[in-house]
Amino acid sequence: MAATLIGASVNGVVRHKGNTVVSVSDQPGSGSTEARLTSCSDTGQKLSIRASIEGDGCTGENKKGENKPQAHELFRIFEDSPRFEFTSGDSQLYPRPLSASDLSSSVKDGSQIRVAYQGVSGAYSETAAEKAYPNCEAVPCEQFDIAFEAVEQWLVERAVLPIENSLGGSIHRNYDLLLRHRLHIVGEVQLPIRHCLLANHGVRVEDLTRVLSHPQALAQCENTLTKLGVIREAVDDTAGAAQFVALHKLKDTAAVASLGAARIYDMNVLAQDIQDDVDNITRFLMLAREPVIPGTDRPFKTSIVFSLEEGPGVLFKALAVFAMRNINLTKIESRPQRKRPLRQPVESSNGAPKYFDYLFYVDFEASMADPNSQNALRHLKVSQATLTISELYYQSIPSGVMGPLGVPMTKALTEGCVGIKVQVFNWEDGGVGEVEWFPW
Ligand SMILES: O=C(O)C(=O)C[C@]1(C(=O)O)C=C[C@@H](O)C=C1
């Protein structure tokens, strides 16, 4: 039975579903059933969409005008797709990104895998989600942390989130969120990013005073935007920027976004490939509730995070455990220790400045199933009296097209320098992992 969304109009209120109301009625003589979904915005504005469904032989109205297959089907469609943004009486319908209030609703059944991404339809992250999980249902989320929570709360099965870009660098927010949430990195995808300058039809480059986009996208187009001499304004995502410019019919503002976004929001492409380098790639992490078990049958990547006591050469010594075993490091990132951003030096009583305290994230090309990597981590743990590893986690995942690995947040991180957490795998009986604690 096929259903078509056929329009938007102001309507009445029949049955409540949160701030949404759904009514279903037969269209006498037409052989079809119609459903109306009405949503009240926070400002009290009432807007609705209408859907019709063709009859299947059961179109006659029963006495009460209810309980008919068509009505149920229409209801199900709305129940399954409650996330539409109502912007004006005659506007197009765009999927609304998940917000915090959506996280309390239950997960719906469905054979398709649901993958959360940050942004709205047309965002690069949506393309990355579809590349990572072909045929998935990509679910837009307002913010990165909503995407993490959507997986944790079983609203979706996976999240695909950007972690770094070849021109703009790391997406620090996601490094921080990896440790605040309990998800595992189970793979990665790389996506070539080709930015366009999008404006409403009839707008010329000379008319522009302002450009909206995601901060990463603005950074990746630094040269072009400097030449244009426009004001840059950061918004949540590139497609959201295009949607905003289109909906508000702005004549002096453009968006930096994808060709796909231009199509979705019916915008004119003023310029293509405006990023600073043709080779512009963003790496996205695939996140799941369950980790992958590392093996040795194909290339794996592993990620760890640790902190160090201050002192000369401590980072050098930590990284040497990999170098001496010929283990290739692919990424190192440091982030402030949010729980203890400053450390008091021993001589602090005489007014010496405080040290900044960091967490180090390291990705390396080896599987934790490989004794070489196991020895490296053992060495990292035991070899240096001057090194205190406050936290170490790891997980391995297939690399190649896929990439680095995951991160269960552990007690050590939340409670300070208590020891090292090592996931021990019994490779002989098929590699089921267990966690052991080695207190300092
Ligand atoms: O705004 C988007 O379209 C996104 O998908 C986000 C994002 C990012 O966070 O880096 C993804 C890829 C590009 O690097 C630019 C922006």
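Residues numbered from 1 in each chain as written. Predicted model: local features only at pLDDT ≥ 70, side-chain atom pairs only at ≥ 80, totals over all residues. Heavy atoms only, no water.

Caption draft 1: Fine view of empty space enclosed by the protein. For the coordinates displayed, the defined rule picks out three cavities of 30 Å³ or more. A volume near 200 Å³ is recorded for the largest cavity. Lining the largest cavity are 18 residues, with Y124, S125, P162, H214 and Q216 positioned closest to its centre. Listing elements by their share of the lining of the largest cavity, those giving two or more residues are α2 (124-132), β10 (158-165), α5 (215-220) and β18 (281-288). (1 Å grid on protein atoms, 1.4 Å probe; cavity = no way out; pocket = protein on both sides within 12 Å on 5 of 7 lines; lining within 4 Å. Points joined across faces, edges and corners; volume = space filled by probe spheres on them. Helix = DSSP H or I, 4+ residues; strand = E, 2+ residues; numbered from the N terminus.)

Caption draft 2: Examining the pairing of strand β8 (residues 114-118) more closely. Most of β8 sits inside the fold, with five of its five residues counted as buried. Residues R114, A116 and Q118 of β8 are buried on one face, and the alternating residues V115 and Y117, pointing to the opposite face, are buried as well. Pairing analysis gives five bridges linking β8 to strand β9 (residues 137-141), with the strands arranged parallel. Bridging across to β9, V115 finds its partner in A138. Between β8 and its parallel partner β9, the chain crosses via α2, and the hand of that crossover is right-handed. (Buried < 20%, exposed > 50% of the residue type's maximum accessible area, 1.4 Å probe, protein only. Pairing = 2+ DSSP bridges. Right-handed = clockwise from strand over helix to strand, strands pointing away.)

Caption draft 3: Representation of the packing of aromatic side chains within the structure. Overall, the coordinates contain four aromatic pairs when judged by the stated rule. Pairing F322 with F364 gives two aromatic rings, centres 4.8 Å apart and planes at 35°, and the pair type is tilted. Taken as a pair, F322 in helix α9 (residues 314-323) and F364 in strand β23 (residues 358-364) lie far apart in primary sequence, 42 residues in all. Accessibility assignment for this pair places F322 and F364 in one class, buried. Note on Y358 and F360: the rings are 6.4 Å apart at their centroids and 50° apart in plane angle, and the pair reads as tilted. (Phe/Tyr/Trp six-rings, centres within 6.5 Å; stacked < 30°, edge-to-face > 60°.)

Scope: geometric values only; no functional claims are made or implied.
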